[in-house]
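Structure at a glance
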Amino acid sequence: MIGVSCSLVVSVLWAWTLVRGDTDVSCVFMESCMLPCSFQGGADPVIHWFQLTTRILHVQSYYHNQDQLSLQDQHFKSRTSLFKDQISRGNVSLQLTGVKIQDQGRYRCFTSTVTGDKESFINLQVNAPVNKVDIHQVENNITCSSEGIFPEPELTWSTNPPSNMTFNTTTRVQQTEQQLYNISSSLILSDPGSDVVYSCTISTRRNKRRAALKNSELFSVSGSSRETSVLCTSSNISLTDFSLVWRFNHHQIILNQTNGNQTVSEEWRQHVKSVSESGSLMLQDVTKKQEGTYTCELSSAEETYISNTSLKILKGGQTNVSVIIISVVVAVLLAAGSAALLVYYKYKKTGQEPAVELSSIQNQ
């Protein structure tokens, strides 16, 4: 009985040591990845790679100085290779292309030569990072979403300035046939105030990306001011780390700017005067046709910032001129009325003809 217990303990410790001594490898979905393995080298080696799942899958075999693919599982067909020119030097690493989520798991590398056998274990972890986060608003509903992620991501909301309000959110997570995750969350605003930045962060074990949305209004007076500046962000950023896209009414592209290279659409060339270092757009010769929503999208490797500005054109110049003219006419009428009253009272006191006084007033 004691012997059986000792044997069981030894077996458990041996298995734990193997897992603890495994080599961890992280691979990116649909990219190439190398699983390392080496041995002392020797003539005519036998090499076997296995994936250890609920059943043992043959990944790659090599002996008699050539690949032996008759036992290879169909899941790995045409996706594996060895570094043939390095086998004699002891390198039997496996090159795996087009990495899939199903490739994740534990692998066994076995080598055998006349001098002995060796085995190594590799833990392959597959990641599909968060590449892009989309955020947009329709009325009082802000939606944040991202697709093609692994493992299952987390999504959080925040505001700037910070708010103690409880968010009314609905989040959905779906898994595709490729075992990737799509995530979408909607935030319902009870009081959609302007100048509040709403941020959505989607994160996994590999990376995280943040998308922020801000809405504001801008009034421009035509006639008296022919230039208008539409702010992108209040932060002092450098466009060298960001790509910039300006849109009109959410769909029409105004300009693109990446790595200092700027492209302005033909329709907007006469209205775009310049772009500041922080991405703000300087417009010129604006009319009612340029009234609408201007969207600035700044994107980097970690975040996306979207600012929506509603531009309203006021005919301020014409209105001011009309007011001045009306004021002058009213002042003249008031002066004439006052003079007439003075003549009337004087006539009543002296009994003289009012026509003489009125003519003298007119001559003046």
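Residues numbered from 1 in each chain as written. Predicted model: local features only at pLDDT ≥ 70, side-chain atom pairs only at ≥ 80, totals over all residues. Heavy atoms only, no water.

Broken down by element type, the protein carries 3 helices and 24 strands. Per-residue burial over the protein gives 38% buried out of 364 residues. (Helix = DSSP H or I, 4+ residues; strand = E, 2+ residues; numbered from the N terminus. Buried < 20%, exposed > 50% of the residue type's maximum accessible area, 1.4 Å probe, protein only.)

Spatially, the 4 strands line up as an open sheet ordered β10-β11-β14-β13, and their pairing is antiparallel. Whereas interior strands pair on both sides, the edge strands pair on one side only; in this sheet they are β10 (134-138) and β13 (168-175). Direction aside, the axes of adjacent strands within the sheet are offset by 15° on average. Sheet topology places β10 next to strand β11 (residues 141-149); 5 bridges connect them, and they run antiparallel. Considered in β11, the bridge of V138 is made with N141. (Pairing = 2+ DSSP bridges. Axes fitted to C-alpha atoms, helices over the stretch in contact; angles between N-to-C directions.)

A full pass over the atoms with the stated rule returns 4 disulfides. Disulfide partner of C37: C109, at an S-S distance of 2.0 Å. A torsion of -85° about the S-S bond marks the disulfide between C37 and C109 as left-handed. Of this pair, C37 sits in the loop between β2 (33-35) and β3 (46-52) while C109 sits in strand β8 (residues 105-113), placing them 72 residues apart in sequence. The residues C37 and C109 share a single accessibility class, namely buried. Note that C232 is cross-linked by a disulfide to C296, the S-S spacing being 1.7 Å. Because the torsion about its S-S bond is -55°, the bridge between C232 and C296 counts as left-handed. Here C296 lies in strand β23 (residues 292-299) and C232 lies in the loop between β17 (227-230) and β18 (243-248), a separation of 64 residues in the sequence. (Disulfide = S-S within 2.5 Å.)

Before going further, it helps to examine the side chain of N91. The residue N91 is located in the loop between β6 (80-82) and β7 (94-96) in this model. Polar contacts involving the side chain of N91 include one to the side chain of Q86, which spans 2.6 Å. Discounting chain neighbours no more than four positions away, the residues touching N91 are C37, F83 and Q86. (Polar contact = N/O pair within 3.5 Å; in protein donor to acceptor, adjacent residues only side chain to side chain. Contact = heavy atoms within 4.5 Å.)

Time to look at the confidence of the model for the protein. Taken residue by residue, the protein gives an average pLDDT of 80. The fraction at 70 or more is 77%. Low pLDDT, under 50, characterises residues 317-350; the predicted model gives this stretch 12 contacts beyond four residues in sequence or across chains. (pLDDT = per-residue confidence, 0-100.)

The strand order across the open sheet formed by 3 strands is β2-β7-β6, and the pairing between neighbours is antiparallel. Both outer strands of the open sheet, β2 and β6, are each paired with one neighbouring strand and no more. Taken pair by pair, the neighbouring strands of this sheet meet at an average axis angle of 30°, ignoring direction. Note that β2 and β7 share 3 bridges and pair antiparallel.

Moving on, we get to the packing of aromatic side chains. For the coordinates displayed, the defined rule picks out 5 aromatic pairs. Summarising the aromatic geometry, the rings of W268 and Y294 are spaced 5.8 Å apart at their centres and angled 80° between planes, so their arrangement reads as edge-to-face. Of the two residues, W268 is situated in the loop between β20 (261-264) and β21 (272-275) and Y294 in strand β23; the sequence distance between them amounts to 26 residues. Of the two residues examined, W268 and Y294, each falls in the buried class. (Phe/Tyr/Trp six-rings, centres within 6.5 Å; stacked < 30°, edge-to-face > 60°.)

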